[in-house]
Amino acid sequence: QVRLVESGGGLVQAGGSLRLSCAAAGLTISTYHMGWFRQAPGKEREFVTRITRSALTTYYADSVKGRFTISRDNAKNTVYLQMNSLKPEDTAVYYCAAQRVTGASYAYWGQGTQVTVSS
């Protein structure tokens, strides 16, 4: 059974930092591109960042570029999202997801972790 389990969310003041983790079970992340998405209350889920399976290429939404960093440790089967200079508008549930092939739908999703940034 494939599971992606996010952790590291919480409440932080604006300007603060959080590091999210996404641990995979039943899936070898080295064979997947991995992404982070988020969904704020009343809004649609949106793309945040993606890292290719080789970790050679990363992609970021303009809203987080320069503040967030995605990384992966294939040996630990874990993906990370370092979030710095957090803003209230970053408040959302953050999800990690696994994509087998570029351009395909993300096949596996975690249950999400809440990030709340207070002003």
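Relevant structure appears above.
The structure displayed is predicted, hence computed values, not measured ones.

A. Region of the structure containing the pattern of salt bridges. Taken as a whole and assessed by the stated rule, the structure comprises four salt bridges. With its nearest N and O atoms 2.7 Å apart, the salt bridge here joins Asp-90 to Arg-67. Taken together, the residues Asp-90 in the loop between strand S8 (78–83) and strand S9 (92–99) and Arg-67 in the loop between strand S6 (58–60) and strand S7 (68–73) connect sequence positions 23 residues apart. An identical accessibility class is assigned to Asp-90 and Arg-67; each is buried. Three or more residues joined by partner-sharing salt bridges are found here, namely Arg-38, Glu-46, Arg-67 and Asp-90.

B. Here's a closer look at unusual backbone geometry. Of note in this structure, Ala-55 is not a glycine but carries a positive phi near 70°. In this fold, Ala-55 is placed in the loop between strand S5 (46–51) and S6. Of note, Ser-85 is a non-glycine position whose phi angle comes to about 50°, a positive value. Of note, Ser-85 is situated in the loop between S8 and S9.

Rules behind the numbers
Residues numbered from 1 in each chain as written. Predicted model: local features only at pLDDT ≥ 70, side-chain atom pairs only at ≥ 80, totals over all residues. Heavy atoms only, no water. Salt bridge = Lys/Arg side-chain N within 4 Å of Asp/Glu carboxyl O. Helix = DSSP H or I, 4+ residues; strand = E, 2+ residues; numbered from the N terminus. Buried < 20%, exposed > 50% of the residue type's maximum accessible area, 1.4 Å probe, protein only.

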